[in-house]
Structure formats: C-alpha cells, structure tokens
Amino acid sequence: MKFETLAIHTGAEVDEATGAVVAPIHLSTTFARDESLALMNEYQYIRDGNPTQTRTEEALAAIDSGRGALLFASGLAAGAAVLQSLRGPWHVVLPDDCYYGVRVMVREYGERWGITSELVDMSDPDNVGRAIRGEKTVVWSESPSNPLMKVVDIAAISDIAHRRGALSLVDGTFATPALQRPIELGADVVLHSATKYLGGHSDVQGGVLVFRERNALFDRVRETRHHLGAVASPFNAWLIGRGIRTLAARMRLHCDNAASVAGWLARHPNVERVFYPGLAAHPGHQIAARQMSCFGGMLSFNVKGGREAAMRVVSLCRLFTRATSLGGTESLIEHRATSEGESSQAPPQLIRVSVGLEHVDDLIADLEQALSDGKTVG
Ligand SMILES: *Cc1c(COP(=O)(O)O)cnc(C)c1O
C-alpha cells in the first residue's frame, strides 16, 4: 500500500472490546497475570511497553519502510539510547551542520561513555569515508540539516559506511517519512524528533528510532530504553499516532508554502542568501530532488546588515510567532544564534523559519513588512 494509506491504517484497527474506531489511550502502568501467574497479554509494566505505544510504533515502522520502531520521550532521548547501546570504544562521525543538541550530547556526554566524535562536511561523501575508523563507527547524518538546510547523499554515504563495516544513522526530522525514507536509500537506523512534524501541532514531545532490521542493535536499544527509562508517555504516544494520520496531507501544504516563501525571499533586495533545497541554486538541490518527494517546510535565510538587522526583522514579525522548534500548523520564526545560545555556530545574520499551514499570501505579507522595517508595502 501507498504511504498515505499505511499512515492512516497501520496500528489503527477497530478496538475489539468496544468497537471504537479510534483506539483508546491505555494509561495503565501495570498489566495483570492470570491464575497460573502467566501474563494475560504481552505486557507487564509500562516501561517495557504498552498497547498505545505499540500501535504508534507499528505505524512508524510501516511508514518509514523499517522492520521495527521504538518510541522515546524526546528526539534526544532516542539519540542518547543509540549511544548508550554501543559497547566499548566507538567513533561517531557527525555532520558539520548538525542539530546543536546532538552535537552537545555526542561531544560532552559521548566522551564519558567512551565515544569519540568528529564533525565533517558530509556534502562530499569522501570526507565521510576518511573519517570512518572501521567497524565501530556510526555515520550520523542529518538531511536536510538544522539550521543550514545542507543535503547529504544518503545512498552514497550509507554505501561508504557499509563497505567499511560502519553503521549509517540518518536524522530525518526535517523531511519526515512522508518526503524521504532513508532505509529505502540504505540507512540502518532513522531518527526523528516526533516533537516536530510527526506530532505536527506543537503540543507533544517525543522521539523515534526506526530500524531496517529487528537485529541485535534493535534489541540492545530496546533494552537500553527499558533500563534507562526514556520512554514516551501513553498520552504522548497516542498524540504522535494521531499526528501520523494527517502527516502526508500536512507535508504537502508545508512544502507548497515553503517553496513560495523561499522563492519570494530569494528575490528580496534585503536578503543576502536563502537556504532551501527546493531552490535550483541550492548546492544540494539535485540530490534532494532525487531522495525527497518534495523539499519540506523548513528554510533559513541570511539578512543583509548582520546580526542587528536579522534580530530586527524577527522582532517586527506580527503573524509569525517568535519561537524555536518547528513542524506545527503555525509559522515560527527565530534568530537562530539567539535560540542556540553560547555554543551556537549559526551565522549571526541567520533567520530560521518553520513555514506553517496559514495562507501563503498572509505569510509573505508579514515577511514583506518585517523586511521593510515595519512599513506596509504595496
Ligand atoms: C528538535 C530536533 C532534535 C531533538 O529532538 P527533541 O524532541 O527536541 O529532543 C533532533 N534533531 C533535529 C534535526 C531536530 O530538529
């Protein structure tokens, strides 16, 4: 079946006990045994798993072409579980434009767990090849990247990783499985922050790992989740499951709106540069066109006039909400270096935008007045 159908029907069977079309949220923390002390079902205790989580994990595995999925309390908790599952000296190769939370986690905590790391420019797959140190290497890519929208050739770097016995993990948060399915391109594990598009309404936190195979790594990561406890709550699992049902439809509009906004920004005299993989001038455009079905709802741009000018544009927005994060129905705008704080590597004049589902004319009108120093234009 096609993506839209899988997203609506997987893990969404009619509830046998009541006939409910929408699955109930199972809040129970514990599960009973019968007179012979056998478990009545596969469940024992909420930290191992619960029926609401199982339904959402089934949907997540199906829509990302994986054999298994694991849900976590956040995107970073999902990433941490991978690192904590590795035994003994491992090396993690990260992209130079990496989600800053992942960079901090791998560098500051990875070291305590015996993990070394390095940042490489993954737009050239040969750089990845040079960084691999044999079988105990994770090639951790992100495409498109946060915040500079760099594109990585997932098939090429997964191939290089596999030829050297390394593992290919792709953070696909910006693209979502609706637009890009790294496992089909050769990746072993896909990570998503479900806090973003999968939840889709800026009201739930979660993280996901999808695995190509239910292999030893899958088992170890599941064990890690059980022992270290970074599970999602049933309510969050349910909200993420609900978000998946509308993901394809939402992503279409996010893509359309973002493409219009990016094209408009690229022609604006006060804009220095737009980072959006859908623009033909974007260095990763060809690869993105090959590995994504459309280019997503995220973009960033450099404003002429440096840090002060960028902060002023953000402060003048009226319709865009000044907030970090992404993937909700409402459009968000941020001065990225301010959001990331002291460890930020973002250019000082960079503005990042999560293009929402409002009418695109209203979004462009708001950016137009903000880029014209608050003056109404036209
Ligand atoms: C937000 C984000 C994360 C972290 O997810 P949380 O749910 O905030 O922990 C990881 N990667 C990318 C690309 C993100 O945007």
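Residues numbered from 1 in each chain as written. Predicted model: local features only at pLDDT ≥ 70, side-chain atom pairs only at ≥ 80, totals over all residues. Heavy atoms only, no water.

## Notes on the packing of aromatic side chains
Next up, step 1: On inspection of all chains with the given rule, the structure shows four aromatic pairs.
Next up, step 2: Pairing F31 with Y43 gives two aromatic rings, centres 5.5 Å apart and planes at 40°, and the pair type is tilted. Placement of the pair is F31 in the loop between α1 (3-9) and α2 (51-63) and Y43 in the loop between α1 and α2, with a sequence separation of twelve residues.
Next up, step 3: A residue is classified by how much of its surface remains accessible, and Y43, at 10% relative accessible area, is buried.
Next up, step 4: Residue placement shows R225 over the ring face of F72; its charged tip is 5.7 Å from the ring centre. (Phe/Tyr/Trp six-rings, centres within 6.5 Å; stacked < 30°, edge-to-face > 60°. Helix = DSSP H or I, 4+ residues; strand = E, 2+ residues; numbered from the N terminus. Buried < 20%, exposed > 50% of the residue type's maximum accessible area, 1.4 Å probe, protein only. Lys NZ or Arg CZ within 6 Å of the ring centre and 35° of its normal.)

## Topic: the site of the ligand
Next up, step 1: Taken together, the neighbourhood of the ligand is formed by 13 residues, with L76, D171, S193, T195 and K196 sitting nearest.
Next up, step 2: One nitrogen or oxygen atom from the side chain of N146 is found 3.3 Å from an oxygen atom belonging to the ligand.
Next up, step 3: Between the ligand and K196 there is a distance of 2.9 Å, counted from an oxygen atom to a side-chain nitrogen or oxygen.
Next up, step 4: The protein chains hide 93% of the 380 Å² of surface that the ligand would expose on its own.
Next up, step 5: For the shell around the ligand, a count of residues per class yields three nonpolar, seven polar and three charged. (Near = heavy atom within 4 Å. Polar contact = N/O pair within 3.5 Å; in protein donor to acceptor, adjacent residues only side chain to side chain. Areas by Shrake-Rupley, 256 points an atom, 1.4 Å probe, with all protein chains shown as cover. Nonpolar A, V, L, I, M, F, W, Y, C, P; charged D, E, K, R; others polar.)

## Concerning the pairing of strand β9 (residues 298-303)
Next up, step 1: Where burial is concerned, most of β9 is hidden: six out of the six residues are buried.
Next up, step 2: Of the two faces of β9, the one lined by M298, S300 and N302 and the one lined by L299, F301 and V303 are each fully buried.
Next up, step 3: Where strand β8 (residues 271-275) and β9 come together, four bridges link them in antiparallel fashion. Along β9, the bridge assignment pairs V271 with V303.
Next up, step 4: Bridge analysis of β9 against strand β12 (residues 350-354) gives five bridges, and the strand direction is antiparallel. Looking across to β12, one finds that S300 is bridged to R352. (Pairing = 2+ DSSP bridges.)

## Description of unusual backbone geometry
Negative phi is the rule for most residues except glycine; trans is the rule for most peptide bonds.
Next up, step 1: For the bond from S143 to P144, the omega torsion is -15°, close enough to zero to count as cis.
Next up, step 2: As for its position among the elements, P144 is in the loop between β4 (137-142) and α6 (154-163).
Next up, step 3: Here the phi dihedral of S325 falls at roughly 75°; this positive angle occurs in a residue that is not glycine.
Next up, step 4: Following the sequence through the fold, S325 ends up in the loop between β10 (321-322) and β11 (332-335).
Next up, step 5: A relative accessible area of 25% places S325 in the partly exposed class.

## Quick notes on the state of the cysteines
What makes a disulfide is a covalent bond joining the sulfur atoms belonging to two cysteines.
Next up, step 1: Enumeration according to the criterion identifies one disulfide in this entry.
Next up, step 2: Here C255 connects covalently by a disulfide to C294, the sulfurs 2.3 Å from one another. Here C255 and C294 share a disulfide; its torsion about the S-S bond, 80°, makes the bridge right-handed. Of this pair, C255 sits in helix α10 (residues 247-266) while C294 sits in the loop between α11 (285-291) and β9; the two residues are 39 residues apart in sequence, bridging distant segments of the chain. (Disulfide = S-S within 2.5 Å.)

## Topic: a nonpolar patch on the surface
Next up, step 1: Among the surface-exposed residues, V14, V21 and V22 lie close enough to one another that they form a single nonpolar patch of about 290 Å² accessible area.
Next up, step 2: Within the fold, V21 resides in the loop between α1 and α2. (Patch = residues over 30% accessible without salt bridge, like charges linked within 9 Å, V, L, I, M, F, W, Y side chains within 5 Å. Salt bridge = Lys/Arg side-chain N within 4 Å of Asp/Glu carboxyl O.)

## Brief notes about the pattern of salt bridges
Next up, step 1: Scanning all chains against the criterion turns up 14 salt bridges.
Next up, step 2: Here E184 ties to R181 by a salt bridge, and the two come within 3.1 Å at their closest N and O atoms.
Next up, step 3: Here the salt bridges share partners, and the residues they tie into one network are E334, R336, E340 and R352.

## Some remarks on empty space enclosed by the protein
If you roll a probe as big as a water molecule over the atoms, it shows you where there is empty space left.
Next up, step 1: Applying the stated criterion to the full structure yields one cavity of 30 Å³ or more.
Next up, step 2: By volume, the largest cavity is sized at about 50 Å³.
Next up, step 3: Every residue along the wall of the largest cavity is listed here: P95, D96, D97, M122, S123, E142, S145, K150, V151 and V152.
Next up, step 4: When its residues are assigned to classes, the lining of the largest cavity shows four nonpolar, two polar and four charged. (1 Å grid on protein atoms, 1.4 Å probe; cavity = no way out; pocket = protein on both sides within 12 Å on 5 of 7 lines; lining within 4 Å. Points joined across faces, edges and corners; volume = space filled by probe spheres on them.)

## Remarks on the sheet that holds β12
Next up, step 1: Reading across from one edge, β8-β9-β12-β11-β10 is the order of the five strands in this open sheet, with mixed pairing throughout. In this open sheet, the two strands that pair with only one neighbour each are β8 and β10.
Next up, step 2: Inspection of the sheet shows β11 paired to β12 by four bridges, in the antiparallel sense. Residue pairing for β12: E334 is matched across the bridge by R352.
Next up, step 3: Here α10 sits on the sheet in contact with β8 and β9, set at roughly 15° to β9. (Contact = heavy atoms within 4.5 Å. Axes fitted to C-alpha atoms, helices over the stretch in contact; angles between N-to-C directions.)

## What to know about helix α14 (residues 360-371)
In an α-helix there are 3.6 residues to a turn, and that puts residues three or four apart on one side.
Next up, step 1: Taking 1.5 Å per residue, twelve residues should reach 16 Å; α14 reaches 16 Å between its end C-alpha atoms and fits that length.
Next up, step 2: For α14, the set of buried residues is V360, L363, I364, D366, L367, Q369, A370 and L371.
Next up, step 3: Each element contacted by the buried residues of α14 is listed here: α10, β8, α12 (306-316) and β11.
Next up, step 4: Where α14 terminates, the next one or two residues include D373, which has phi positive at roughly 60°. (Expected span 1.5 Å × (residues − 1).)

## Details of the sheet that holds strand β1 (residues 68-72)
Next up, step 1: Read across the open sheet, the seven strands follow the order β1-β7-β6-β5-β4-β2-β3; overall the sheet is mixed. Single-partner strands in this sheet number two, and they are β1 and β3 (115-120). Here the strands of the sheet are splayed against their neighbours by 20° on average, with no regard to which way each runs.
Next up, step 2: Pairing geometry for strand β6 (residues 189-193) and strand β7 (residues 207-211), over five bridges, is antiparallel. Bridge assignment links L191 to a residue of β7, and that residue is L209.

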